[in-house]
Amino acid sequence: MGKDVIIALDFASAGEVFDFLGKFEEEKPFVKVGMELYYAEGPSIVRAIKERGHKVFLDLKLHDIPMQVKKAMAVIAGMDVDMCNVHAAGTIDMMKAAIEGLTRQDKSRPILIAVTQLTSTSEARMRSELLIDEKIEDVVAQYAKNAKTAGLDGVVCSPLEAGIVKAACGKEFAAVTPGIRFADGSMDDQSRVTTPAMAKEIGSDYIVVGRPITGASDPVAIYRRCVAEFIG
Ligand code: C5P
């Protein structure tokens, strides 16, 4: 599993995306396309970013009956994305169906990772609303194990949970971690954050960084700072 910094392209339109990517003249960063941008612009935004030479993580967090997920994943595989994801809550059968749909005729496929429990879900709400009466760390570890059993490559998790995931699933199982901030930067609406250097130490494989880069006056310089701290 390669180590990399993924920039979250949390923009509302293709125009804003290309203005932003135009600032990168030397590097071709790995980027994440989320629901807002994808639903606004459709598959053409993914193709256009790929044509410019970037790797793409399509963050659509699929969660449906296995047959629907399999068919949707076959479409995503045809878009030549490099990474995509599902909710582990959809069960092992759903995740196996996702792999089947994603696997191309030549047996290649994008990296597939699972969301365990969203970091916005607190243990208290998991108990009172979802009726899951376990510690959230145990739920994250179990969902990660389910993802591994289904044949997935890793999970999205808080950098602070990367150690739990590695302990449950082994160090080859990828931890893709948002919630990255510099020690001297703003937290925005994130609460459990770590620096790129700390994420490296805890064992993240990919860090996902949005506003610290997209909101910077010199995004290229901040991207380089992330790469230097995380990859060295
Ligand atoms: O701007 P910021 O660095 O907070 O962006 C982080 C990105 O990672 C956003 O696209 C956000 O949706 C995503 N993300 C997250 N926490 C999760 C899962 C995804 O912040 N648990």
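Cut-offs used in this document
- Within any chain, residue numbers begin from 1 and follow the written order of that chain's sequence.
- Given that this is a predicted model, residues contribute local features only at a pLDDT of at least 70 and side-chain atom pairs are listed and counted only at 80 or more, while totals for whole chains, interfaces and linings are drawn from all residues.
- Each side-chain value is derived from all of the structure's non-hydrogen atoms; neither hydrogens nor water enter the calculation.
- A run of H or I in DSSP counts as a helix once it spans at least four residues, and a run of E counts as a strand once it spans at least two, with each numbered from the N terminus.
- It is over C-alpha atoms that the radius of gyration is taken, and the globule rule equals 2.2 Å times the number of residues to the power 0.38.
- Burial classes follow relative accessibility: with a 1.4 Å probe on protein chains only, a residue under 20% of its type's maximum area counts as buried, one over 50% as exposed, and anything between as partly exposed.
- The criterion for a residue being near a molecule or strand is simple. One of its heavy atoms has to lie within 4 Å of it.
- Think of a polar contact as two N or O atoms within 3.5 Å of one another; within protein, one of them needs to be a possible hydrogen donor and the other a possible acceptor, and neighboring residues in sequence only count if both atoms come from side chains.
- Accessible areas in this description were obtained via Shrake-Rupley with a 1.4 Å probe; residue shielding takes into account the shown protein chains only.
- Under the scheme applied, nonpolar residues are Ala, Val, Leu, Ile, Met, Phe, Trp, Tyr, Cys and Pro; charged residues are Asp, Glu, Lys and Arg; polar residues are all the others, including Gly.
- One requirement defines pairing of two strands: DSSP has to find at least two bridges between them.
- Only the stretch in contact is used when fitting a helix axis, every axis being a line fitted to C-alpha atoms; angles between N-to-C directions are given from 0 to 180 degrees.
- It only takes one pair of heavy atoms within 4.5 Å for two residues to be counted as in contact.
- Working definition: rings of Phe, Tyr and Trp (its six-membered ring) pair if their centres are within 6.5 Å, and the pair is stacked with planes under 30 degrees apart, edge-to-face with planes over 60 apart, and tilted otherwise.
- By definition, a salt bridge exists where a carboxyl oxygen of Asp or Glu is found within 4 Å of a side-chain nitrogen of Lys or Arg.
- Expected helix span is computed as 1.5 Å times (number of residues minus one).
- Definition used in this section: a nonpolar core is a set of buried Ala, Val, Leu, Ile, Met, Phe, Trp, Tyr and Cys residues joined via side-chain atoms within 4.5 Å.
- In these notes the angle categories are as follows: under 35 degrees is roughly parallel, over 145 is roughly antiparallel, 65 to 115 is roughly perpendicular, and the rest is oblique.
- Note on convention: the crossing is left-handed when the near helix lies turned anticlockwise from the far helix by less than a right angle, right-handed when the turn is clockwise.

### Section: the overall build of the protein chain
Within the protein chain, the secondary structure is distributed over eleven helices and eight strands. On C-alpha atoms alone, the protein chain measures out to a radius of gyration of 17 Å, which is about the 17 Å that the 2.2 N^0.38 rule sets for 232 residues. Along the three orthogonal principal directions, the C-alpha set of the protein chain runs to about 45 × 40 × 30 Å. Out of the 232 residues in the protein chain, the part that is buried amounts to 48%.

### Side note on the site of the ligand
The immediate surroundings of the ligand are formed by Ala8, Asp10, Lys32, Thr119, Pro178, Arg181, Gln190, Val208, Val209, Gly210, Arg211 and Pro212. Here an oxygen atom of the ligand and a side-chain polar atom of Asp10 are 2.7 Å apart. Burial of the ligand by the protein amounts to 81% of the accessible area it has alone, namely 460 Å². Mapped onto the shell around the ligand, the elements with two or more residues apiece are strand S8 (206-209) and helix H10 (211-214). Taken together, the residues of the shell around the ligand break down into five nonpolar, three polar and four charged.

### Overview of the sheet that holds strand S4 (residues 83-87)
Taking strand neighbours around the barrel as the criterion, the eight strands line up as S1-S2-S3-S4-S5-S6-S7-S8 in a closed arrangement whose pairing is parallel. Strand-to-strand twist across the sheet, computed as the mean angle between neighbouring axes with direction ignored, equals 25°. This element, helix H11 (residues 219-230), spans strand S1 (4-8) and S8 of the sheet and lies at about 145° to S1.

### Structural notes on the environment of Phe57
Looking at the secondary structure, you find Phe57 in strand S3 (residues 56-62). Looking at Phe57, the relative accessible area reads 2%, which means it is buried. Between the C-alpha atoms of Phe57 and Phe182, which are 125 residues apart in sequence, the distance is 23 Å. Apart from the residues within four sequence positions on either side, Phe57 is in contact with Ile6, Phe30, Val31, Lys32, Val33, Met83, Cys84, Asn85, Ile113 and Val176.

### Quick word on the packing of aromatic side chains
Evaluated as defined, the whole model comprises five aromatic pairs. Between Phe24 and Tyr223, the ring centres sit 5.6 Å apart and the planes meet at 85°, which makes this aromatic pair edge-to-face. Placement of Phe24 in the loop between helix H1 (14-21) and strand S2 (30-33) and of Tyr223 in helix H11 is noted, with a sequence separation of 199 residues between them. What makes Phe24 buried here is its relative accessible area of 6%.

### What to know about the pattern of salt bridges
Between side chains of opposite charge, a pair can form when the charged atoms approach closely. Tallied over the full model, the rule gives 16 salt bridges. Of the charged contacts, one joins Asp82 and Lys50 as a salt bridge, the two residues approaching to 2.7 Å between their closest N and O atoms. One end of the pair, Asp82, is in the loop between helix H4 (66-78) and S4; the other, Lys50, is in helix H3 (residues 43-51), and 32 residues separate them in sequence. Two residues, Asp184 and Arg225, come together in a salt bridge whose shortest N-O distance is 3.4 Å. You can see Asp184 sitting in the loop between strand S7 (174-177) and helix H9 (196-202) and its partner Arg225 sitting in helix H11, a full 41 residues away along the chain. The partly exposed category is assigned to Arg225, whose relative accessible area is 32%. Several salt bridges converge on common partners, so that one network encompasses Glu26, Glu27 and Arg224.

### Considerations on helix H5 (residues 91-102)
With twelve residues, H5 should reach 16 Å at 1.5 Å per residue; the first-to-last C-alpha distance of 17 Å fits that figure. Among the residues of H5, Met94, Met95, Ala97, Ala98, Ile99, Gly101 and Leu102 are the ones counted as buried.

### As for the nonpolar core
Core analysis: the biggest nonpolar cluster contains 63 residues, and Leu9, Met73 and Val86 have the highest contact counts within it. Broken down by element, the residue count for this core peaks at seven residues, all from helix H7 (residues 136-150). Residues contacting Val86, with those up to four places away along its chain left out, are Lys61, Leu62, Val69, Met73, Met94, Met95, Ala98, Leu112, Ile113, Ala114, Val115 and Leu152. Grouped together as the second largest cluster of nonpolar side chains are twelve residues, Ala8, Ile111, Val156 and Val176 included.

### Points about the packing of H7 against helix H8 (residues 162-169)
Running from N to C, H7 and H8 cross one another at 50°; their axes reach a closest spacing of 9 Å. Classified by the angle their axes make, H7 and H8 are oblique. Once H7 is placed against H8, the crossing between them reads as right-handed. In this structure, H7 contributes Glu137, Val140, Ala141, Ala144, Lys145 and Lys148 to the contact, and H8 contributes Ile164, Val165, Ala168 and Cys169. Split by residue class, the contact of H7 with H8 holds seven nonpolar, no polar and three charged.

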